[in-house]
Amino acid sequence: MRVLVDVTHPAHVHLFRHAVDALRARGHAVAVASREKDVTTDLLDAFGVEHRVLSRKRGGRAGAAREWLGREARLYRFARRFDPDVVLSRLNPASAHVSWLLGVPNVVFHDTEAASTLAAVTTPFAGVVCTPSTFEGGVRGEHVTYEGYHELAYLHPARFERDPATLRDAGIEPEEPYSVLRFISADAHHDADDDGFSLDAKRELVAGLEPHGDVHVVSEGALPADLEPYAARVPPESVHQLLAHANVYAGDSSTMATEAGVLGTPTVRLDTFDGGLGNFDELEERYGLVHSTTDEREVVERTLALAADDDAGARWRRRRRDLLAEKIDVTAFAVELVEEVGSA
């Protein structure tokens, strides 16, 4: 078969990179269309994924509109030349619209209930929409659910192994205690109006965690001068190793909170969506892997308590085993579904 994969965000690189490798290994021709946003193309290059850049992120609503209209036109031309049997993407209107125009089925992965506006202009044009079983939003058209999360496409044990040497190469001793903090910029289409942590809370987290080991801050935006020395120095492709070896994680990124939780790292999340995300209901209530709260004061208190708790890591590892006993390798599911849809 001929498979076109559209990758427009760093998270999509992780979601689909193993599927790209697996599809190619199974004899299929795979073309990857990419977008210059944050470290998207850097990650593709680091993982050795050949790709074609079709657009770059533009600021403001007018800039975003121009980018996406131009991207649709370029993706249409790219797809016509490649002549795919199936298109694989995350929730992405350009992919869905181009697939529909070409009469090619689009397999869409979607896991964010808050992205209802984007879903409204994407899913009606999709061939199949795939969501975690926990997804609480409505889906138009053919809908397939699976027992897992997007993050288990690349952090399931079938796809991810702890590699302490990677951290040592970056000057981090993985056997020594350390914490990871994540601060988002809150400019994605699905982000809440809330900007995440206040500057005071960021400083309090760093100061409170420092007695428990090094503090590594992964930030989408520039850090103030007093926090810049704590900026994580690992390359983007190694951030999951940083999470996997950490003693505690706290942040206002939903994706990274899920990643830390499924890796078995004690995790506290500032919930800027104020609920409404089914994955986190399950991660907290069924597995106890992520604690979410809208109160940044509670985030600080819980994070510092976990950093001081010598038994927290063992508890999270047991909870992770419970989760993995009930969840699937999402990459294997994606590959099988793409083959099924593309050959129909």
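Okay, the sheet that holds strand β7 (residues 143-146) next. Strand order in the open sheet formed by 7 strands is β3-β2-β1-β4-β5-β6-β7, with parallel pairing between adjacent strands. Strands at the two margins of the open sheet, each flanked by one partner only, are β3 (52-56) and β7. Averaged over all pairs of adjacent strands, the angle between their axes in this sheet comes to 20 degrees, without regard to strand direction. Taken together, the 4 bridges between strand β2 (residues 29-36) and β3 define a ladder with parallel strand orientation. Bridge pairing in β3 links Ser34 to Val53. The strands that helix α3 (residues 60-82) touches are β1 (2-6), β2 and β3; relative to β2, the one it contacts most, it runs at about 165 degrees.

With that settled, the discussion passes to the confidence of the model for the chain. In the predicted model, the chain carries a mean pLDDT of 94, and the fraction of residues at 70 or more is 97%. Note on residues 186-193: pLDDT under 50 across the span, and 15 contacts to partners over four residues away in sequence or across chains.

For α3, which comprises 23 residues, the first-to-last C-alpha distance of 32 Å matches the rise-based estimate of 33 Å (1.5 Å per residue) to within 8%. Phi for Asp83, located one or two positions after α3, is positive at around 60 degrees.

Below, the discussion takes up the sheet that holds strand β9 (residues 214-219). The 5 strands lie next to each other as β9-β8-β10-β11-β12, forming an open sheet whose pairing is parallel. A single partner strand is all that each edge strand has here, and the edge strands are β9 and β12 (290-293). Within the sheet, the average angular offset between the axes of one strand and its neighbour, ignoring direction, is 15 degrees. Contacting β10 (248-251), β11 (267-270) and β12, helix α11 (residues 296-307) crosses the sheet at an angle of about 170 degrees to β11.

What follows concerns the pairing of β11. Side chains Thr267 and Arg269 project from β11 onto one buried face, and the interleaved Val268 and Leu270 project onto a second face that is buried too. This β-α-β element, β10 to helix α9 (residues 254-262) to β11, shows right-handed connectivity. Judged from the 4 bridges that link them, β11 and β12 form a sheet pairing that is parallel. The partner of Thr267 across the bridge, within β12, is Val290. Between the parallel pair β11 and β12, the chain is carried across by helix α10 (residues 278-285), and the sense of this crossover is right-handed.

This part takes up a negative patch on the surface. Together, Glu175, Glu176, Glu210 and Asp214 make up a region of like negative charge exposed at the surface. Tracing the chain through its elements places Glu176 in the loop between α6 (164-169) and β8 (178-183).

One non-glycine residue, Asp38, lies in positive phi territory at about 50 degrees. Here Asp38 is to be found in the loop between β2 and α2 (40-46). Note on Asp38: relative accessible area 52%, which makes it exposed. In this structure, Asp83 takes a positive phi of about 60 degrees despite not being glycine.

By size, the foremost hydrophobic cluster in this structure holds 84 residues, and its most contacted members are Val5, Phe109, Leu181 and Leu323. Core analysis: the next-biggest nonpolar cluster, separate from the first, contains 12 residues, Leu54, Leu75, Ala79 and Val87 among them.

In helix packing, the relevant descriptors are the interaxial angle and the interaxial distance, both defined with respect to the helix axes. As a packed pair, helix α1 (residues 10-25) and helix α13 (residues 330-342) sit with axes 9 Å apart at the nearest point and diverge in direction by 55 degrees. Judged by the angle between their axes, α1 and α13 are oblique. Where α1 crosses over α13, the handedness of that crossing is right-handed. In this structure, α1 contributes Leu15, His18, Ala19, Ala22 and Leu23 to the contact, and α13 contributes Thr331, Val335, Val338 and Glu339. Grouping the amino acids of the contact of α1 with α13 by side-chain chemistry returns 6 nonpolar, 2 polar and 1 charged.

Reading the values: rules and limits
- Residues numbered from 1 in each chain as written.
- Predicted model: local features only at pLDDT ≥ 70, side-chain atom pairs only at ≥ 80, totals over all residues.
- Heavy atoms only, no water.
- Pairing = 2+ DSSP bridges.
- Helix = DSSP H or I, 4+ residues; strand = E, 2+ residues; numbered from the N terminus.
- Axes fitted to C-alpha atoms, helices over the stretch in contact; angles between N-to-C directions.
- Contact = heavy atoms within 4.5 Å.
- pLDDT = per-residue confidence, 0-100.
- Expected span 1.5 Å × (residues − 1).
- Buried < 20%, exposed > 50% of the residue type's maximum accessible area, 1.4 Å probe, protein only.
- Right-handed = clockwise from strand over helix to strand, strands pointing away.
- Patch = residues over 30% accessible without salt bridge, like charges linked within 9 Å, V, L, I, M, F, W, Y side chains within 5 Å.
- Areas by Shrake-Rupley, 256 points an atom, 1.4 Å probe, with all protein chains shown as cover.
- Salt bridge = Lys/Arg side-chain N within 4 Å of Asp/Glu carboxyl O.
- Lys, Arg positive; Asp, Glu negative; His and termini not counted.
- Charge placed at Lys NZ, Arg CZ, Asp CG, Glu CD.
- Core = buried A, V, L, I, M, F, W, Y, C linked by side-chain atoms within 4.5 Å.
- Parallel < 35°, antiparallel > 145°, perpendicular 65-115°, else oblique.
- Left-handed = near helix turned anticlockwise from the far one by under 90°.
- Nonpolar A, V, L, I, M, F, W, Y, C, P; charged D, E, K, R; others polar.

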